[in-house]
Amino acid sequence: MTLVFSSPPWRAQWLDPLQLGSETQVLVHYRQSFLTGSEGGQLFPLTEVDALDLPLSTKQGLGMWEGLPIVLYELSEAPSIAGLNWLGLRQIMSSQLDTSYVEMLCMAAQVGTWATQHRFCSHCGIPLLAVTGERAMACPQCHNRYYPRISPCMIALVTRGDEVLLARSPRHAPGVFSTLAGFVEPGETIEQCIAREVLEEVGVQVTQPRYITSQSWPFPHSLMLGFHVQYLHGEIRLQPEEIEEARWFPLNALPNLPGPHTIARHLIDCYLAERLGTTHPM
Ligand SMILES: NC(=O)C1=CN([C@@H]2O[C@H](COP(=O)(O)OP(=O)(O)OC[C@H]3O[C@@H](n4cnc5c(N)ncnc54)[C@H](O)[C@@H]3O)[C@@H](O)[C@H]2O)C=CC1
Ligand SMILES: [Mg+2]
Ligand SMILES: [Zn+2]
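Residue positions are given per chain, counting from 1 as you read along its sequence in written order. Written order decides the labels, with chains lettered from A and ligands numbered from 1. At least 70 in pLDDT is required for a residue's local features to be given in this predicted model, at least 80 for side-chain atom pairs to be given and counted, and no such filter applies to totals for whole chains, interfaces and linings, which use all residues. Based on all heavy atoms of the structure, the side-chain values leave hydrogens and waters out of the count.

Undergrad: Please clarify how the overall build of the protein chain should be interpreted in this entry.
TA: Numbering of helices and strands runs from the N terminus; a helix is a DSSP stretch of H or I covering at least four residues, while a strand is a stretch of E covering at least two. Helix and strand counts for the protein chain stand at five helices and 16 strands. Its C-alpha atoms give the protein chain principal-axis dimensions of roughly 60 × 50 × 45 Å. The 282 residues of the protein chain split such that 44% are buried. Here, two residues are considered to be in contact whenever any of their heavy atoms come within 4.5 Å of each other. Contacts spanning at least 24 positions in sequence make up 63% of the contacts within the protein chain whose residues lie at least 6 apart. The protein chains shown are the only cover counted for residues, whose accessible areas, like all others here, come from Shrake-Rupley with a 1.4 Å probe. Carbon and sulfur atoms provide 53% of the accessible area of the protein chain, an area that totals close to 14900 Å². Averaged over its 17 positive side-chain charges, the protein chain has a centre that lies 4 Å from the centre of its 27 negative ones. Type-normalised accessible area, obtained with a 1.4 Å probe on protein chains alone, sets the label of each residue: buried when under 20%, exposed when over 50%, and partly exposed for intermediate values. Charged residues are defined narrowly, with Lys and Arg counted positive, Asp and Glu counted negative, and His plus the chain ends left uncounted. Lysine's charge is taken at NZ, arginine's at CZ, aspartate's at CG and glutamate's at CD.

Next up, the structure:
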């Protein structure tokens, strides 16, 4: 039996935004929200969008969606437009089941944020120019190049047999417990970051990190690297301001958890499947 891998509908690639034909579809973005049509979609024909005469900050050629070129129109403000509304990316992610479509929007949001925040050289202050052929801005004076910023982050489910250590930060929705997460610091390996962040946030030592999967998290530019990691020793001690509460939960009595679109929930569901034989999440 030959395995047929159907190619995913979304393929990210640099496209010259000045060379796009009339079949191009447009994503209109401003500060983590997308312009959305009455049927709930975010893709609009190029000619229709150009007729709206939007307050454009920059255009970015993003890639191909079902064989059609996709361009990002990053705005400098979010005008209200009759018949259309603005939908937040988090809201779209929590309801959109097409993961390729979400992948496209997450990339668009991250590129839009980067393009808006990298208009001037941070070394000599003069306006940057878009590089042809790759996604970068360059300074014509000191030749510095600015690629989209990506912040690697550990996210780890701490396990102890049929128990897991979950925590609440002030940024979480009330009552929701999640896995621990933290940004990689300069010079750190991901394993060192896991050990440091877990010790800092809940005071316990861990061992044997096992990579599970990753997730692009464009709020604003995190790359989540997901692990299961085993408890080694220590009593829970909370990091003030960062962690409000942290507890060991038996797998058959878990609290309210993050949504299924998050890697935090994926790590928990993978462990549940492993330990209790529940269905393994996609
Ligand atoms: N997709 C998911 O399932 C989850 C995603 N996350 C994301 O993981 C990231 C890290 O989680 P936190 O616990 O908030 O991080 P953290 O535990 O490192 O603490 C956040 C602090 O890190 C500093 N910081 C902010 N941006 C930074 C950067 N780019 N590089 C270095 N330090 C930075 C700030 O002082 C901030 O208060 C956040 O973007 C959060 O949204 C967190 C949990 C679940
Ligand atoms: Mg954290
Ligand atoms: Zn410069």
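Undergrad: In this structure, what is going on with the UniProt feature "short sequence motif: Nudix box" (unreviewed entry) in the protein chain? I would like to understand it.
TA: UniProt positions are given in the numbering used here, feature names are shortened, and annotations may be inferred rather than shown by experiment. Those places that UniProt annotates as "short sequence motif: Nudix box" (unreviewed entry) correspond, in this numbering, to residues 182–203. Between the C-alpha atoms that bound residues 182–203 there is a distance of 14 Å. The span itself is 59% helix and 9% strand.

Undergrad: Would you mind showing me how to read the coordination of the magnesium ion (ligand 2) here?
TA: Think of it this way: four donors in a tetrahedron around the metal ideally sit 109.5 degrees apart, and six in an octahedron ideally sit 90 or 180 degrees apart. The magnesium ion (ligand 2) binds to the protein through Ala 181 (O) and Glu 201 (OE); the donor distances cover 2.1 Å. Remark: Glu 201 occurs in helix α4 (residues 190–202) and Ala 181 occurs in strand β13 (residues 180–183); sequence separation between them is 20 residues. Given a relative accessible area of 4%, Glu 201 falls into the buried group. Coordinating N, O and S atoms are those within 2.8 Å of the metal (3.2 Å for Na, K and Ca), and as water is not part of the atoms, a site may appear to have fewer donors than expected.

Undergrad: Can you help me understand the UniProt feature "binding site: a divalent metal cation 2" (unreviewed entry) in the protein chain in this one?
TA: In the UniProt entry, the feature "binding site: a divalent metal cation 2" (unreviewed entry) is given for Glu 197. Given a relative accessible area of 8%, Glu 197 falls into the buried group. For Glu 197, the contacting residues outside a window of four places in its chain are Met 154, Ala 181, Gly 182 and Phe 183.

Undergrad: How should I be thinking about the side chain of Glu 188 in this particular structure?
TA: With respect to the secondary-structure elements, Glu 188 resides in the loop between β13 and α4. The contact partners of Glu 188, leaving out residues within four places of it in the chain, are Phe 183, Cys 193 and Arg 196.

Undergrad: What should I look at first to understand the site of ligand 1 in this one?
TA: Around ligand 1 sit 20 residues, and of these Ser 151, Arg 171, Ala 181, Glu 201 and Ser 222 come closest. With respect to ligand 1, the backbone of Ala 181 contributes an N or O atom lying 3.0 Å from an oxygen atom. Computed on the free molecule, ligand 1 has an accessible area of 850 Å², of which 68% lies beneath the protein chains in the complex. Mapped by element, the contributors of at least two residues to the shell around ligand 1 are β11 (151–160), β13, α4, β14 (205–217), β15 (222–233) and α5 (263–276). Residue polarity follows a fixed list, in which Ala, Val, Leu, Ile, Met, Phe, Trp, Tyr, Cys and Pro are nonpolar, Asp, Glu, Lys and Arg are charged, and the others, Gly among them, are polar. Tallied by class, the residues present in the shell around ligand 1 amount to nine nonpolar, six polar and five charged. Neighbouring residues are identified by heavy atoms, a residue being near a molecule or strand if any of them is within 4 Å of it. Pairing of N or O atoms within 3.5 Å defines a polar contact, subject to two protein rules: one partner must be a possible hydrogen donor and the other a possible acceptor, and residues neighboring in sequence count only if both atoms are side-chain atoms.

Undergrad: Just to check I follow, could you spell out the sheet that holds strand β9 (residues 137–138) for this structure?
TA: Where strands meet in a sheet, backbone hydrogen bonds hold them as pairs that are either parallel or antiparallel. A pair of strands is treated as paired once DSSP finds two or more bridges between them. Read from one edge of the open sheet, three strands run β8-β9-β10, paired in antiparallel fashion. Where the open sheet ends on each side, the last strands, each with one partner, are β8 (129–130) and β10 (145–146). Where β9 meets β10, two bridges bridge the pair, whose relative direction is antiparallel. For Met 137, the partnering residue across the bridge sits in β10 and is Tyr 146.

Undergrad: What's the story with α5 in this structure? I'm lost.
TA: The periodicity of an α-helix, 3.6 residues per turn, causes residues three or four places apart in sequence to face the same way. Over its 14 residues, α5 runs 19 Å from end to end, which matches the ideal 20 Å to within 8%, given 1.5 Å per residue. Within the span of α5, buried status applies to Ile 263, Ala 264, His 266, Leu 267, Ile 268, Cys 270, Tyr 271, Leu 272 and Ala 273. Those residues of α5 that are buried are in contact with β11, β12 (163–168), β14 and β15. Gly 277 sits one or two residues past α5 and shows a positive phi near 75°. To estimate the expected span of a helix, subtract one from its residue number and multiply by 1.5 Å.

Undergrad: Explain helix α3 (residues 99–117) here, please?
TA: Over its 19 residues, α3 extends 27 Å from the first C-alpha to the last, a length consistent with the 27 Å expected when each residue adds 1.5 Å. The element α3 is extensively covered by neighbouring structure, given that 15 of its 19 residues are classed as buried. One side-chain oxygen at the N-terminal end of α3 lies 2.9 Å from the backbone nitrogen of Ser 100; it belongs to Asp 98.

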